[in-house]
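# Fold and geometry: a report
Take a look at the letters that make up each chain.
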Amino acid sequence: MRDRIAIVSILAGLMGAGWGSNLSGQVNPADTSVSAEERIRWFRQDKLGMFIHWGPYSLPAGEWKGQRVPVGDEGEWIMQRFNIPVKEYREMARRMNPVKFNAEQWVSLAKAAGMKYLVITAKHHDGFAMYHSRVSESNIVDWTPFKRDPLKELSEACRKAGIRFCVYYSHREDWDHPDGYGNNWDYDRTKKDFERYLEQKSKPQVRELLTDYGPLGLVWFDRGLNTPRQAQDFVNLVRGLQPRCLINGRVGNYGQELMGDYQNMNDNGMPTGGLEEYWETPQTLNTTWGYSKFDQQWKTAGNVIQRLVEIVGKGGNYLLNIGPMADGTIPPPSVAVLEKVGAWMRKNGDSIYGTSACPLAEFPWGRCTVKGEKVYLHVFSWPADAVLRLSGLNNQVRSAYLLVDPSRELAVSRENRVISVALPAKSPDEDDTVVVLDVSGPPNADPPLITQGSDSAFELDYLGAVTAGKAVKRFNRDGKFHISKWTGPEDSITWRLLVSQAGTYKVSIRYAARRDWGQSKYVVAIGPQSLTGVVEPTGDWYQYKTFDLGVVKIAKAGEYKVAIWPAAASDHYLMYFQSLALEPVL
Ligand code: JFZ
């Protein structure tokens with residue numbers, strides 16, 4: 001069996017490597033005709049997508065020869081968890097026959113839930129293709145009695161319904177292929193040729209998906225690759241065949257520079273503050289991606305709605321997962337939750353679609369999203385006195401009303417910096433009632449005024465910072481939250497400080513800088529004083545170190561502006577900035 005696969009793979013690899021025409025005819029050179037902003041525009045607008053994890057792992061559904069995948073662990077990892085031999089797993093996969101699969105039904109559920117894009121596992125780590133692949137016979141059409149191509153049917157149903165069709169592809173991990181990463185129970189890792197796997201299976205299958213299923217909204221790669229060059233090959237492959245197709249952050253190594261169009265949070269992850277590089281959080285509806293008959297820990301519609309609002313209010317997208325059963329049935333509890341979420345979205349979608357991160361600090365009663373000249377206040381917990389209070393908004397409030405009842409104006413008053421909105425006695429929606437403020441101009445707020453800690457020191461990081469130019473607040477699984485992408489004096493970070501204790505302060509900076517970023521100069525201005533720093537390489541990627549910059553004298557208490565910027569233009573980033581500290585010299 002394996003020999004046959006090897007032969008098929010070699011032929012595909014030869015074709016894929018350009019020895020003869022590849023699977024799609026000609027591979028175009030990477031097309032740069034579409035700008036990054038244009039490519040991601042729909043994604044920033046649509047906010048909410050359906051993730052689908054569906055494959056042979058849905059058949060054992062969390063149990064193998066009496067052994068159970070514990071609830072809380074991932075059902076789609078069953079082959080690796082129990083070191084199931086490829087031969088046995090494939091024999092199991094042969095029994096997959098999803099006679100109840102109905103693409104139109106799945107897509108209409110996504111649509112009913114307010115989801116605008118759908119990402120399905122074309123090939124997960126088990127190496128099994130859920131589409132008709134010519135690269136490997138380990139696919140649902142050739143290997144099972146089903147004989148139909150679910151991705152073809154879903155792509156057509158999505159197009160009819162106006163939902164963007166997207167695919168997940170695990171481009172590194174492959175427990176079926178002898179050279180793929182991850183299966184060291186069947187294959188000797190010392191004999192693996194990973195590059196051969198990329199050329200013989202991974203790239204040719206990605207090429208098939210980009211060629212045979214129409215325009216894809218997004219290729220959702222997973223678990224990164226070893227080197228930037230390997231990842232760049234996949235970026236070029238996608239760009240060359242479908243320049244409008246988005247690439248997620250996991251195309252490259254998580255601990256290295258972002259090579260996709262946006263960053264992925266950790267699974268189920270939630271950042272503490274507003275990130276400025278676009279991002280998406282994938283989340284399970286229970287606790288497993290692939291179906292498990294044991295996992296009934298379903299989130300409520302309220303959990304999902306509030307998490308959606310929190311993600312969108314911090315400037316990201318929400319990719320919410322369903323794990324269909326092997327016969328093609330979507331677990332009824334998933335359907336029930338998504339239908340309730342959809343009911344809320346039909347009434348409140350304006351406060352989600354096309355909105356941007358809230359410029360205000362978080363509120364104890366809920367969150368906020370903004371769009372045009374509107375501030376959407378998402379009230380999770382109704383104030384006992386039915387008065388909603390918020391501060392920090394610079395705009396004049398022209399009117400206020402419930403999104404579900406715009407005809408009924410709510411009384412608004414302002415005292416100093418606090419805006420109060422008189423609400424109905426009872427909340428119309430126990431999960432999230434949206435109050436709309438119609439304001440003068442784009443919603444804006446003063447940056448936070450940072451005060452001194454109990455030890456009178458200041459720790460200035462991404463949370464309180466205002467970025468300008470190309471400097472952006474970012475997340476990376478290894479780099480954590482940092483600020484970067486700045487290359488010249490027009491790119492800066494600033495903070496507002498309220499100094500209560502005049503005196504001398506020792507200034508230090510914490511950053512990571514790649515080997516070839518050394519010797520770049522930067523300026524740290526604190527009020528009228530400034531210090532000049534010279535970047536010292538800290539190793540490769542996100543190896544943070546702290547450097548003393550000298551001392552400044554703050555003559556009197558009051559508000560000060562602190563700023564950092566590159567002293568000169570450069571062809572690389574200045575640094576991965578983490579924090580600036582001002583410690584009183586006693
Ligand atoms: C990966 C897969 O292993 C998993 O089966 C599922 O497909 C999920 C969506 O993606 O799991 C991950 C990958 C990355 C992180 C966590 C789980 N992460 O960055 O924290």
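Residues numbered from 1 in each chain as written. Predicted model: local features only at pLDDT ≥ 70, side-chain atom pairs only at ≥ 80, totals over all residues. Heavy atoms only, no water.

Our focus in this paragraph is the packing of helix α5 (residues 103–112) against helix α7 (residues 150–161). For any two helices packed against each other, one specifies the crossing angle of their axes together with the interaxial distance. Packing of α5 against α7 brings their axes to within 9 Å, and their N-to-C directions diverge by 45 degrees. When the axis of α5 is compared with that of α7, the two are oblique. Where α5 crosses over α7, the handedness of that crossing is right-handed. For the pair α5 and α7, contact is made by A103, E104, W106, V107 and K111 and by E153, L154, A157, C158, K160 and A161, respectively. Taken together, the residues of the contact of α5 with α7 sort by class into 7 nonpolar, no polar and 4 charged. (Axes fitted to C-alpha atoms, helices over the stretch in contact; angles between N-to-C directions. Helix = DSSP H or I, 4+ residues; strand = E, 2+ residues; numbered from the N terminus. Parallel < 35°, antiparallel > 145°, perpendicular 65-115°, else oblique. Left-handed = near helix turned anticlockwise from the far one by under 90°. Contact = heavy atoms within 4.5 Å. Nonpolar A, V, L, I, M, F, W, Y, C, P; charged D, E, K, R; others polar.)

Time to look at the pattern of salt bridges. Charged atoms that come close allow side chains of opposite charge to pair. All chains considered together, the criterion is met by 40 salt bridges. In this structure, R94 engages E91 in a salt bridge whose closest nitrogen and oxygen atoms are separated by 3.8 Å. Residue class for E91 comes out partly exposed when judged on its relative accessible area of 40%. (Salt bridge = Lys/Arg side-chain N within 4 Å of Asp/Glu carboxyl O. Buried < 20%, exposed > 50% of the residue type's maximum accessible area, 1.4 Å probe, protein only.)

Summed over the entire model, instances satisfying the criterion amount to 29 aromatic pairs. Each ring, one from W42 and one from F43, has its centre 5.5 Å from the other, and the planes form 80 degrees; the classification is edge-to-face. What makes W42 buried here is its relative accessible area of 9%. By relative accessible area, F43 is classed as buried at 0%. For the pair W77 and W175, a centre-to-centre distance of 5.1 Å together with 65 degrees between the ring planes defines the contact as edge-to-face. (Phe/Tyr/Trp six-rings, centres within 6.5 Å; stacked < 30°, edge-to-face > 60°.)

Tallying each qualifying case throughout the model produces 1 disulfide. The residue that forms a disulfide with C358 is C368, at a sulfur-sulfur distance of 2.0 Å. Here C358 and C368 share a disulfide; its torsion about the S-S bond, 95 degrees, makes the bridge right-handed. Of this pair, C358 sits in the loop between α11 (332–348) and β11 (366–371) while C368 sits in strand β11, and the two are 10 residues apart along the sequence. For C358, a relative accessible area of 16% corresponds to the buried category. Classification of C368 by relative accessible area gives buried; the value is 3%. (Disulfide = S-S within 2.5 Å.)

Quick look at the site of the ligand now. Looking at the ligand, there are 15 residues lining it, with H53, E76, H124, H125 and D222 nearest. A distance of 2.7 Å separates an oxygen atom of the ligand from a polar side-chain atom of H53. Between the ligand and R477, the relevant distance is 3.0 Å, taken from a nitrogen atom to a side-chain nitrogen or oxygen of the residue. Surface burial for the ligand is 90%, taken as the share of its 450 Å² of free accessible area covered by protein chains. Residue classes in the shell around the ligand are distributed as 5 nonpolar, 4 polar and 6 charged. (Near = heavy atom within 4 Å. Polar contact = N/O pair within 3.5 Å; in protein donor to acceptor, adjacent residues only side chain to side chain. Areas by Shrake-Rupley, 256 points an atom, 1.4 Å probe, with all protein chains shown as cover.)

Here we have 8 strands laid out as an open sheet, ordered β7-β6-β5-β4-β1-β10-β9-β8, and parallel in their pairing. The sheet is open, and its two edges are formed by β7 (246–247) and β8 (263–264), each paired on a single side. Relative to strand β6 (residues 218–221), strand β5 (residues 164–169) runs parallel, the two being bridged by 3 bridges. Bridge pairing links Y168 to W220 in β6. Sheet strands touched by helix α10 (residues 301–313): β1 (48–52), β9 (279–283) and β10 (316–322). Its angle to β10, the strand with the most contacts, is close to 150 degrees. (Pairing = 2+ DSSP bridges.)

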